[in-house]
Amino acid sequence: MLEEIARATGEHIVIVAAAMIVATAAGIPLGILCVRRVRLGKVTLRIIDIIQTIPSLALFGFLIPVPYIGGIGIRTAIVALILYSLLPIVRNTVTGLNGIDPLIRDAAIVVGMTDRQRLMNVELPLALPSIFGGLRIAAVIAIGVATIGAAVGGGGLGTLIFRGVAMVDTTRILAGALPAAALALIADLVFGALERISARRFGTSP
Amino acid sequence: MTVASSVSIDNVTVTTPRGDAIVRGVNLRIEAGESVALIGRSGAGKTTILRLLNGLTLPSTGRVVIDDTELRGDDLPRRRRNIGTILQAPALFPHRSVYDNVATVPRLLGWREERTRETADSMLARLGIPLDRFGARFPRSLSGGEQQRVSIARAMIAHPALLLCDEPFSALDPLVRHDLQEQFVTLRTGVTMLFVTHDLAEALRVARRIVLIDDGEVVCDTTREEFVRSTLPLVRQFIEASRLPEV
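What counts, and at which threshold
- Numbers given for residues are sequential positions, taken from 1 along each chain in its written order.
- Each chain is given a letter, starting from A, and each ligand a number, starting from 1, according to the order in which they appear as written.
- Local features in this predicted model are restricted to residues whose pLDDT is 70 or higher, and side-chain atom pairs enter the listing and the counts only when it is 80 or higher, whereas totals over whole chains, interfaces and linings include all residues.
- Heavy atoms from the whole structure form the basis of all side-chain values; hydrogens and water molecules are not counted.
- Helix and strand definitions here come from DSSP, where helices need a minimum of 4 consecutive H or I residues and strands a minimum of 2 consecutive E residues; each element is numbered from the N-terminal end.
- In this tally, Lys and Arg are treated as positive and Asp and Glu as negative; His is ignored, and so are the chain termini.
- Lys charges are placed at NZ, Arg charges at CZ, Asp charges at CG and Glu charges at CD.
- What the globule rule says is 2.2 Å times the number of residues to the power 0.38, and the radius of gyration is computed from C-alpha atoms.
- Per-residue accessibility, obtained with a 1.4 Å probe over protein chains only, is compared with the maximum for each type, and a residue is labelled buried under 20%, exposed over 50%, and partly exposed between these values.
- The contact criterion used is simple: two residues touch if any of their non-hydrogen atoms lie within 4.5 Å.
- What sets the accessible areas is the Shrake-Rupley method with a 1.4 Å probe; for residues, cover comes only from the shown protein chains.
- The criterion is simple. A nonpolar core is a set of buried Ala, Val, Leu, Ile, Met, Phe, Trp, Tyr and Cys residues joined through side-chain atoms within 4.5 Å.
- Simply put, the buried area is the total loss of 1.4 Å probe accessible area from both parts when two parts are fitted together.
- Whenever Lys or Arg places a side-chain nitrogen within 4 Å of a carboxyl oxygen from Asp or Glu, that contact is recorded as a salt bridge.
- Distance and chemistry together define a polar contact, namely a pair of N or O atoms within 3.5 Å, with one atom able to donate a hydrogen and the other to accept it when in protein, and with adjacent residues in sequence counting only for side-chain atoms on both sides.
- When residues are grouped by polarity, Ala, Val, Leu, Ile, Met, Phe, Trp, Tyr, Cys and Pro land in nonpolar, Asp, Glu, Lys and Arg in charged, and all others, Gly among them, in polar.
- Where helices are involved, their axes are fitted lines through C-alpha atoms of the stretch in contact, as for all axes, and angles between N-to-C directions lie from 0 to 180°.
- Two helices cross in a left-handed way if the nearer one is turned anticlockwise from the farther one by less than a right angle. They cross in a right-handed way if the turn is clockwise.
- Any angle that is under 35 degrees is reported as roughly parallel, and any over 145 degrees as roughly antiparallel; angles of 65 to 115 degrees are reported as roughly perpendicular and all others as oblique.
- Stacked, edge-to-face and tilted are the three classes for Phe, Tyr and Trp ring pairs, Trp counted by its six-membered ring, which pair at centre distances within 6.5 Å; planes under 30 degrees apart are stacked, over 60 edge-to-face, the rest tilted.
- A ring has a charge above it when a Lys NZ or an Arg CZ is no more than 6 Å from the ring centre and no more than 35 degrees off the ring normal.

Observations regarding the overall build of chain A
Of the regular secondary structure elements, chain A holds eight helices and zero strands. Taken from N to C terminus, the helices and strands of chain A fall in the order α-α-α-α-α-α-α-α. Overall, chain A is about 65 × 35 × 20 Å in size when its C-alpha atoms are taken along their principal axes. Taking the 17 positively charged and 11 negatively charged side chains of chain A as two groups, their mean positions are separated by 6 Å.

So, in structure tokens, the structure goes:
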């Protein structure tokens, strides 16, 4: 049993981590784009807003018939988690970038930084606390939704929960539910700490 | 080794997207090495004129020329490294130490680190915030006056040929302000300067030529000696307003 929990937990972490890496790699640039191209940004935010409103079980359902990214298995689970994680990451990147004091923005321009230098040296570092806030929310959501991914053969801790429910075996349900809850708490603590540390380091905390 | 820019604003109009004119047909020529104070009430268009000179605002019509080359286009970031701007608030980069803030322009220009450090050291010492005590500190731990000193050092460290100051001392208490004005005048030697202020006493202290702006137009453009003798109503108002009351 313990071995099974360990394996399911490991699988869960891998699924969530894979989804988070892709969602971060896509979400931060998308957020930057939303700030630079306001009209395109509104459309983008709208679309990922709509994705977020789709109930998770339904989203897994929608993905099953989709070729290449869908089907039964871990790939579908990861794709769904990426879609869910996108919104908080993009939105918090936008909030962080838009929240920068206009005078600081001007200062970065007048010292003679290029667009790219401003982004890398001033704007992104100052948006970092907000971006970490987005990652925190995304990770917590992803860990929760990943348990439901077991319904489409996604693996992870959800497998234990679903099997426990089918067998009316409370111990088995808890064997899946408790580690999942613990993972969510840990993610919340870690990213929350990064959020606070970056806010203090970059002088944007109140 | 001071190099100074010459500046020319030719018949420039700046219009907001809604169509209101903030600057109307302004002509202003500043010779190399001249110090000019731009005064006027709030909303007169002073700051907009200053922002024309570092490309933060682009003219709707007319041209801005610095050293015989029009200020526009892709070249702006590189040209700004030769223009020092001191903004209204210190606007230091909050995530960078005092030294890293001051070293911003030298690093963009690709100076050797030793040269940057030496120049920062002598400049900060003259501004009363020695590098060895303040260099590693972060902006938020400094007082308003100290922050504005760092901001002056950041703008002036690479010996810009043109210095733009947008009411840099208006948020400071009168004693710190006076102190900084004096240090500022000794630091600024030979370089072309445009200094925006609504404080006539400050204008007379830092510049030899005074340009009065009202409603987006140049109302009066003369030496400071002529200015205080002018009979223009708006000039008299400024002079009256900066007089101490009789007690």
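Moving on from the model shown.
Concerning the overall build of chain B
Counting secondary structure elements, chain B contains 11 helices and 10 strands. Against the globule reference of 18 Å for 247 residues, chain B gives a C-alpha radius of gyration of 18 Å, in line with a compact fold. Projected onto its principal axes, the C-alpha positions of chain B cover 55 × 50 × 35 Å. Residues counted as buried form 53% of the 247 residues belonging to chain B. Sequence separation of at least 24 residues holds for 67% of the intrachain contacts in chain B that already meet a minimum separation of 6. Carbon and sulfur atoms make up 49% of the accessible area of chain B, which totals about 11,400 Å². Charge-centre separation for chain B: the mean point of 32 positive side chains lies 3 Å from the mean point of 31 negative side chains.

Structural notes on the nonpolar core
L81(A) and F93(B) are the most contacted members of the largest nonpolar core, which totals 66 residues. Excluding residues within four positions of it along the chain, L81(A) makes contact with I15(A), V16(A), A19(A), A142(A), V145(A) and A146(A). Residues A120(B), I152(B), F227(B) and F238(B) belong to the second largest nonpolar core, which totals 43 residues.

Here's the deal with the interface of chain B and chain A
Counting from both sides, the interface comprises 22 residues of chain B and, opposite them, 20 residues of chain A. Taken together, both faces of the contact between chain B and chain A bury some 1,800 Å²; the carbon and sulfur share is 69%. Counting across the interface, chain B meets chain A through one salt bridge. Two residues, D106(A) and R51(B), come together in a salt bridge whose shortest N-O distance is 3.1 Å. At the junction of chain B with chain A, the criterion picks out five residue pairs in polar contact (both at pLDDT 80 or more). Looking at the side of chain B that touches chain A element by element, the count peaks at three residues for helix 4 (residues 104-109) of chain B. Taken together, the residues of the side of chain B that touches chain A sort by class into 12 nonpolar, four polar and six charged.

Considerations on the packing of helix 1 (residues 2-36) of chain A against helix 4 (residues 74-98) of chain A
A pair of packed helices is captured by two measures, namely the crossing angle of their axes and the spacing between those axes. Residues and elements named next belong to chain A. For the pair helix 1 and helix 4, interaxial distance at closest approach is 6 Å and the crossing angle is 35°. Crossing geometry of helix 1 relative to helix 4 is assigned as right-handed. In the contact of helix 1 with helix 4, the residues fall into 23 nonpolar, six polar and no charged.

What about unusual backbone geometry?
Its identity is not glycine, yet V168(A) carries a phi of approximately 50°, on the positive side. Taking relative accessible area as the criterion, V168(A) reaches 74% and is therefore assigned exposed. Backbone geometry places A91(B), a non-glycine residue, at a positive phi of 50°. Looking at the element boundaries, A91(B) is found in the loop between strand 6 (83-86) and helix 3 (98-102). Assessed through its relative accessible area of 8%, A91(B) is described here as buried.

Here's the deal with the packing of helix 6 (residues 115-148) of chain A against helix 8 (residues 170-201) of chain A
All names here are of chain A. Contact pair helix 6 / helix 8: the axes reach a minimum separation of 8 Å and the direction vectors enclose 175°. As the angle between them shows, helix 6 and helix 8 are arranged roughly antiparallel. Two secondary-structure elements touch here, helix 6 through L128, P129, F132, G133, L135, R136, A139, V140, I143 and T147 and helix 8 through A180, L183, A184, A187, D188, F191, G192, L194, E195, S198 and A199. Grouping the amino acids of the contact of helix 6 with helix 8 by side-chain chemistry returns 14 nonpolar, four polar and three charged.

Some thoughts on the side chain of T9(A)
Residues and elements named next belong to chain A. You can see T9 is positioned in helix 1. Given the relative accessible area of 17%, T9 is considered buried. Aside from chain neighbours lying at most four places away, what touches T9 is L157, P179 and L183.

Regarding the packing of aromatic side chains
Residues and elements named next belong to chain B. This model, assessed by the stated rule, comprises three aromatic pairs over all chains. Where F169 meets F184, the ring centres are 5.9 Å apart and the plane angle is 75°; that geometry is what we call edge-to-face. With F169 in the loop between strand 7 (162-166) and helix 8 (174-187) and F184 in helix 8, this residue pair connects regions lying 15 residues apart in the sequence. F169 sits in the buried class, given a relative accessible area of 0%. Between F169 and F195, the aromatic rings sit 6.0 Å apart at their centres with planes inclined by 50°, giving tilted as the arrangement. Of the two residues, F169 sits in the loop between strand 7 and helix 8 while F195 sits in strand 8 (residues 192-197), which places them 26 residues apart along the sequence. Taking NZ or CZ as reference, R115 lies 3.7 Å from the ring centre of W111, over its face. In this arrangement the basic side chain of R117 is found over the ring face of Y99, its NZ or CZ atom lying 4.1 Å from the centre.

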